[in-house]
Amino acid sequence: QATLEDSDPELANLIKQEKERQREGLEMIASENFTSVAVLESLGSCLTNKYSEGYPGKRYYGGNEFIDRIELLAQKRGRELFNLNEEVWGVNVQPYSGSPANMAAYVGVCRPHDRIMGLDLPDGGHLTHGFFTATKRISATSIFFESMPYKVNPVTGIIDYDKLAEAAKAFKPQIIIAGISCYSRLLDYGRFRQICDDVGAYLMADMAHVAGLVAAGHIPSPFQYADIVTTTTHKTLRGPRAGVIFFRKGLRSVKTNGDKVLYDLEDRINQAVFPSLQGGPHNNAIAGIATAFKQAKSAEFKSYQSHVIKNAKVLCEALIAKGYQVATGGTDVHLVLVDVRNVGLTGARAELILEEVGIACNKNTVPGDMSAMNPSGIRLGTPALTTRGLVEKDIDQVVNFIDAALKIGAEAAQAAGSNKMVDFQKVLAEDATIKAKIEQ
Ligand code: PLP
């Protein structure tokens, strides 16, 4: 059979170019990582050929003997990785990714238009935690459920748990989500539990960003407190692009729209994933999850995660030393949220400037930003650079690159007129002073 190179050189060449881009650049997008060759092998295996709607032992298709064993292995390794008792915790490894996993969790425990509360997107939450704007319900999680976001304190950048407790009492949500996409501090899961208990809500932890740090035991685990834990497997966990839902087993008494009903979370969540939301599972991704869970049990992985955090702390301190404001004044995890206004830039412009010099990151709102469309910060993460072997002294050098690029970029932007988007390359080509600085 012909290889991709032989049968489709155009596509093969694009993949090659993307590989070069990944190899040559500095990858600082906090949600990205480089997965292992073993995970890539699982993903690129014959498992992608197989249909297996249903669950192990209860499939709608024949020929699933080995697929069943692979799915059960992924489930077992997931429980082992997070020290979960099989009697207490169930796990579903079929969600196609993090967003479908979150939607399935809500579909499992909510009826249409039940209420959910998550950290607002501009404050560090995720789209699927119920995001909407003043004019539009953006995420399906705010279209099909009623969402009331909670926020961080605009001065400290820390989640305002008192306000959340107050709002939860008034709003009476069915579910509260403790999870972040851009928040550099530990979550107080105990406090979330208390707030949920006070209003009879489920606590769902979305540990997508921090799952690798939790698995390695470097930050507190949500399992002690949560009813449901969702995650992606491709961020700090360094596995395939996929989602997983953990849920407490057993009958529950939960109010829905005022009525108390008894139901089994296991049935509800599994039903929600299949057949409510998805069809056949992506068995190659499930094998990749099993591979990643095994790798995450290793001493190497534990040490990798401690370097992820150390590198993030160095990144943070070095940026502060150069005069940047960092949200919350520090980090406990793998990411840093940097305010770039002090160098006269917006987040969007800073992202563009860094892209020009081969540093990938993303623009992000910082606490107190009025507009999510024009944020004042950038989010920087260390998981991918740490996988590539960068240690603390390398991160200091990376900060030198970032600082030089942003300051020179800001000067270039001013030279071009502050209201215009800058053609950075053009300014560099034309402006002798800036060019000389770059060459220094
Ligand atoms: N949950 C959190 C906290 C995330 O940060 C993300 C993605 O960044 C998701 C869920 C969604 O994951 P996916 O992009 O795989 O749908």
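Residues numbered from 1 in each chain as written. Predicted model: local features only at pLDDT ≥ 70, side-chain atom pairs only at ≥ 80, totals over all residues. Heavy atoms only, no water.

(A) Fine view of the overall build of the protein chain. Per the secondary structure count, the protein chain includes 17 helices and 17 strands. For 440 residues, the compact-globule estimate of 2.2 N^0.38 gives 22 Å, and the C-alpha radius of gyration of the protein chain, at 23 Å, lies within 12% of that figure. In terms of overall dimensions, the protein chain has a C-alpha envelope of 70 × 65 × 40 Å along the principal axes. A separation of at least 24 residues holds for 70% of the contacts in the protein chain among residues at least 6 apart in sequence. Of the roughly 20100 Å² of accessible surface on the protein chain, a fraction of 53% belongs to carbon and sulfur atoms. (Helix = DSSP H or I, 4+ residues; strand = E, 2+ residues; numbered from the N terminus. Rg over C-alpha atoms; globule rule 2.2 N^0.38 Å. Contact = heavy atoms within 4.5 Å. Areas by Shrake-Rupley, 256 points an atom, 1.4 Å probe, with all protein chains shown as cover.)

(B) Region of interest: the nonpolar core. With 61 residues, the main nonpolar core has Phe82, Ile159, Ile176, Leu187, Phe192, Met207 and Phe246 as its most contacted residues. The element best represented in this core is helix H11 (residues 283-296), accounting for six residues. Of all hydrophobic cores here, the second largest spans 29 residues; its members include Ala350, Ile378, Leu390 and Val398. (Core = buried A, V, L, I, M, F, W, Y, C linked by side-chain atoms within 4.5 Å. Buried < 20%, exposed > 50% of the residue type's maximum accessible area, 1.4 Å probe, protein only.)

(C) Spatial organisation of the site of the ligand. Taken together, 13 residues sit near the ligand, with Ser97, Ser99, Ser181, Asp206 and Lys235 positioned nearest. Between the ligand and the protein, one listed contact pairs an oxygen atom with a side-chain N or O atom of serine 97 at 2.4 Å. A distance of 2.6 Å separates an oxygen atom of the ligand from a polar side-chain atom of serine 99. Relative to its unbound accessible area of 390 Å², the ligand is 85% covered by the protein chains. (Near = heavy atom within 4 Å. Polar contact = N/O pair within 3.5 Å; in protein donor to acceptor, adjacent residues only side chain to side chain.)

(D) A look at the packing of helix H7 (residues 161-171) against helix H8 (residues 189-199). At their nearest, the axes of H7 and H8 sit 9 Å apart, and the two run at 15° to each other. In this view, H7 runs roughly parallel relative to H8, as classed from their interaxial angle. Pair H7 / H8 crosses with right-handed handedness. Side by side, H7 and H8 meet where Tyr161, Asp162, Leu164, Ala165, Ala168 and Lys169 of the first sit next to Arg191, Phe192, Ile195 and Val199 of the second. (Axes fitted to C-alpha atoms, helices over the stretch in contact; angles between N-to-C directions. Parallel < 35°, antiparallel > 145°, perpendicular 65-115°, else oblique. Left-handed = near helix turned anticlockwise from the far one by under 90°.)

(E) Structural context of H7. What H7 keeps buried is the set Tyr161, Leu164, Ala165, Ala168 and Phe171. Each buried residue of H7 lies within a common arc of 140° when the element is viewed along its axis, so the set occupies one face. Opposite the buried face of H7, at more than 90 degrees from it, the exposed residues are Asp162, Lys163, Glu166, Lys169 and Ala170. On its buried face, H7 sits against strand E5 (115-117), strand E6 (146-147), strand E7 (175-179) and H8. Where H7 ends, the next residue or the one after it, lysine 172, has phi of about 50°, a positive value. (Arc of directions from axis to C-beta.)

(F) Quick peek at empty space enclosed by the protein. A full pass over the atoms with the stated rule returns four cavities of 30 Å³ or more. The computed volume of the largest cavity comes to approximately 100 Å³. Every residue along the wall of the largest cavity is listed here: Gly179, Ile180, Arg185, Leu186, Leu187, Tyr189, Asp206, Met207, Val210, Ile219, Pro220 and Val333. Tallied by class, residues from the lining of the largest cavity come to nine nonpolar, one polar and two charged. A volume near 90 Å³ is recorded for the second largest cavity. What lines the second largest cavity is a set of 14 residues, and nearest its centre among them are Asp123, Cys182, Ala327, Leu337 and Pro367. The residue inventory of the lining of the second largest cavity, partitioned by class, reads seven nonpolar, six polar and one charged. (1 Å grid on protein atoms, 1.4 Å probe; cavity = no way out; pocket = protein on both sides within 12 Å on 5 of 7 lines; lining within 4 Å. Points joined across faces, edges and corners; volume = space filled by probe spheres on them. Nonpolar A, V, L, I, M, F, W, Y, C, P; charged D, E, K, R; others polar.)

(G) H11, seen in detail. For H11, with 14 residues, the first-to-last C-alpha span of 20 Å sits near the 20 Å given by 1.5 Å per residue. Most of H11 is tucked away, with twelve of its 14 residues classed as buried. Taken together, the buried positions of H11 are Asn283, Asn284, Ala285, Ile286, Ala287, Gly288, Ile289, Ala290, Thr291, Ala292, Phe293 and Ala296. (Expected span 1.5 Å × (residues − 1).)

(H) Examining the pairing of strand E17 (residues 377-381) more closely. Of all five residues that make up E17, five are buried, and the element is covered over most of its length. Of the two faces of E17, the one carrying Gly377, Arg379 and Gly381 and the one carrying Ile378 and Leu380 are both buried. As judged from the five bridges shared by strand E14 (residues 335-339) and E17, these two strands associate in the antiparallel manner. By the bridge assignment for E17, leucine 335 is matched with glycine 381. Pairing of strand E16 (residues 362-364) with E17, which is carried by three bridges, proceeds in the antiparallel orientation. Across the sheet, residue lysine 363 finds its bridge partner in E17, namely isoleucine 378. (Pairing = 2+ DSSP bridges.)

(I) Summary view of the state of the cysteines. For the structure shown, the criterion picks out zero disulfides. Free cysteine: cysteine 182, not disulfide-bonded; nearest cysteine sulfur from cysteine 361 at 11 Å. Assessed through its relative accessible area of 5%, cysteine 182 is described here as buried. Exposure remark for cysteine 361: the relative accessible area of 6% places this residue in the buried category. (Disulfide = S-S within 2.5 Å.)

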